[in-house]
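Observations on the model geometry
Okay, here's what each chain looks like letter by letter:
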Amino acid sequence: MDERGKSKNGMGLLKCNMYEPYMSPEQYDPRKELKESARIVENYMNKRAKTAWDAKQSMETRSPTNYTDEEVNNKNSRHFIRYMSAKKGSDATVIYPHNHLGEKDDVNETRHFEWTVNANFYQLNTSNVASAVHVPTPLYDRDAQLLQKLDWSQIDVLYRSKRDEISDLGFQLFCSESGFMRFFPATTWYWENEEAKLDLFDCRNTEWYINSATCSKNVIIMLDMSGSMLGQRFEIAKQTTEAILETLSHNDYFNMMTFSKEVKFLDSCNGTSGLLQATMRNKKDLRERLDFATSEGKAEYEIALREAFAQLLQNEVIIS
């Protein structure tokens, strides 16, 4: 046993001697490593933030044009506006004259996207020919004001330079309050129903647009639960509440109040803990509690408004 033990120790010493020229002891300081990691992450995020800032500055230095509908929609005019459509895959378009004849003028493409499989974008087909533009179905894509905003937002040179500068940069997106979305690199559009060409997407309904376009909100949803709210009126009120809840993000705080002759907050603490963060869980919980509310009595608006404002003021004190 002793001999075997010596043999094992000898082998261990031999291995150590073999690697000595290639290694050296080093003291590990976790605080130093953490600080360095934080610095790297901060620099990385600053680069990405600068990308958005540069895009903002680039657009702000440009002035939207003010041409007439005829100028931007006359294909023989020098002010005729084309754009690379995400849905069509080219700059082809259709113009509908302002008459009652149901005529249309097909404008042939001058450019189209050339798709290649991109390993950096989950094997999606992408193109660097130009940024792609998505216009929601309810909007007329040849509206003069919309076209001029599209033309104003075309900063493909900047998009390409940022893509070259930051190798792992994802899609660069711009969503206008008018409803169109411009994104680079372009990619083939996803249809809810490709055969029927059904497209329900609107960038203004996305969480990233709502978060950037609005400030953090404190919201109290007040529901009249008096006797007059029975039946269909209550169902409409619940659907309206759901629509409001969908617009709230994690940056927002909220609560729900039912009132008739008495006022009641729907959270488990009856409003004593202030407003709740608008997480998916909290929104779902309060929405489910609403199903157990009953309609009765007279609506005491004065008392309800007083309680609602007191709750909002209390939350301002807690945050500050």
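Here, the structure is the one placed above.
Described below are features of the structure shown in this document.

About the cut-offs
Residues numbered from 1 in each chain as written. Predicted model: local features only at pLDDT ≥ 70, side-chain atom pairs only at ≥ 80, totals over all residues. Heavy atoms only, no water. Helix = DSSP H or I, 4+ residues; strand = E, 2+ residues; numbered from the N terminus. Salt bridge = Lys/Arg side-chain N within 4 Å of Asp/Glu carboxyl O. Buried < 20%, exposed > 50% of the residue type's maximum accessible area, 1.4 Å probe, protein only. Pairing = 2+ DSSP bridges. Axes fitted to C-alpha atoms, helices over the stretch in contact; angles between N-to-C directions. Phe/Tyr/Trp six-rings, centres within 6.5 Å; stacked < 30°, edge-to-face > 60°. Parallel < 35°, antiparallel > 145°, perpendicular 65-115°, else oblique. Left-handed = near helix turned anticlockwise from the far one by under 90°. Contact = heavy atoms within 4.5 Å. Nonpolar A, V, L, I, M, F, W, Y, C, P; charged D, E, K, R; others polar. 1 Å grid on protein atoms, 1.4 Å probe; cavity = no way out; pocket = protein on both sides within 12 Å on 5 of 7 lines; lining within 4 Å. Points joined across faces, edges and corners; volume = space filled by probe spheres on them.

With respect to the element layout, Cys175 can be found in strand β6 (residues 172-175). For the pair Cys175 and Ala308, spaced 133 residues apart in sequence, the C-alpha to C-alpha distance is 34 Å.

We now examine the pattern of salt bridges. Inspection of the entire model under this criterion finds 20 salt bridges. Asp54 serves as the salt-bridge partner of Lys162, at 2.6 Å between the closest nitrogen and oxygen. With a gap of 108 residues between them, Lys162 in helix α5 (residues 156-165) and Asp54 in helix α2 (residues 30-60) connect regions that are remote in the sequence. Lys162 gets classed as buried once you look at its relative accessible area, which sits at 6%. Residue Asp54 is classed as buried on the basis of its relative accessible area, which comes to 17%.

Each neighbour pair has its own omega, and for Phe184 with Pro185 the value is -5°, a cis peptide bond. Among the structural elements, Pro185 can be located in the loop between β7 (181-184) and β8 (186-187). Here the phi dihedral of Tyr122 falls at roughly 55°; this positive angle occurs in a residue that is not glycine. Along the chain, Tyr122 falls in the loop between β3 (116-118) and β4 (124-127).

This next bit is on the sheet that holds strand β5 (residues 132-134). Spatially, three strands are ordered β5-β7-β6 in an open sheet, and the strand pairing comes out antiparallel. The open sheet has two edge strands with one neighbour each: β5 and β6. Pairwise comparison of adjacent strand axes, ignoring direction, gives a mean angle of 20° for this sheet. Looking at chain direction, β6 and β7 are connected through four bridges and run antiparallel. Across the sheet, Gln172 pairs through a bridge with Phe184, a residue of β7.

In the structure shown here, the tally under the stated rule is nine aromatic pairs. On the basis of an interplanar angle of 15° and a centroid distance of 6.1 Å, the ring pair of Tyr159 and Phe184 is categorised as stacked. Separated by 25 residues along the polypeptide, Tyr159 in helix α5 and Phe184 in strand β7 bring together distant segments of the chain. Neither Tyr159 nor Phe184 differs from the other in exposure class; each is buried. Counting every residue linked through ring pairs, the aromatic cluster contains Phe121, Phe171, Phe183, Trp189 and Phe201.

The relative placement of two packed helices comes down to the angle between their axes together with the axis-to-axis distance. Remark: α2 packs on α5, axes separated minimally by 10 Å, with the N-to-C direction vectors making an angle of 165°. Considering their axes alone, α2 and α5 lie roughly antiparallel with respect to each other. Crossing of α2 over α5 shows right-handed handedness. Residues Lys50, Thr51, Asp54, Ala55, Ser58 and Met59 of α2 form the contact with α5, whose own contacting residues are Leu158, Tyr159 and Lys162. Class assignment of the residues belonging to the contact of α2 with α5 gives a composition of four nonpolar, two polar and three charged.

This part takes up the sheet that holds β4. Paired through their backbone hydrogen bonds, the strands of a sheet run either parallel or antiparallel. Strand order in the open sheet made by the three strands is β3-β4-β8, with antiparallel pairing throughout. Each end of this open sheet is capped by a strand with a single partner; those strands are β3 and β8. Where β3 lies against β4, three bridges are found, and the strand directions are antiparallel. By the bridge assignment for β4, Thr116 is matched with Thr126.

Here we come to the layout of surface pockets. Its boundaries defined by the atoms lining it, the largest pocket holds a volume of some 740 Å³. Taken together, 23 residues form the lining of the largest pocket, with Thr51, Ala52, Ala55, Leu173 and Phe174 sitting closest to its centre. When residues of the lining of the largest pocket are traced back to their parent elements, those giving at least two are α2, α5, β6 and α6 (207-213). The class makeup of the residues in the lining of the largest pocket is 15 nonpolar, four polar and four charged.

Any functional reading would require information beyond the geometric quantities listed.
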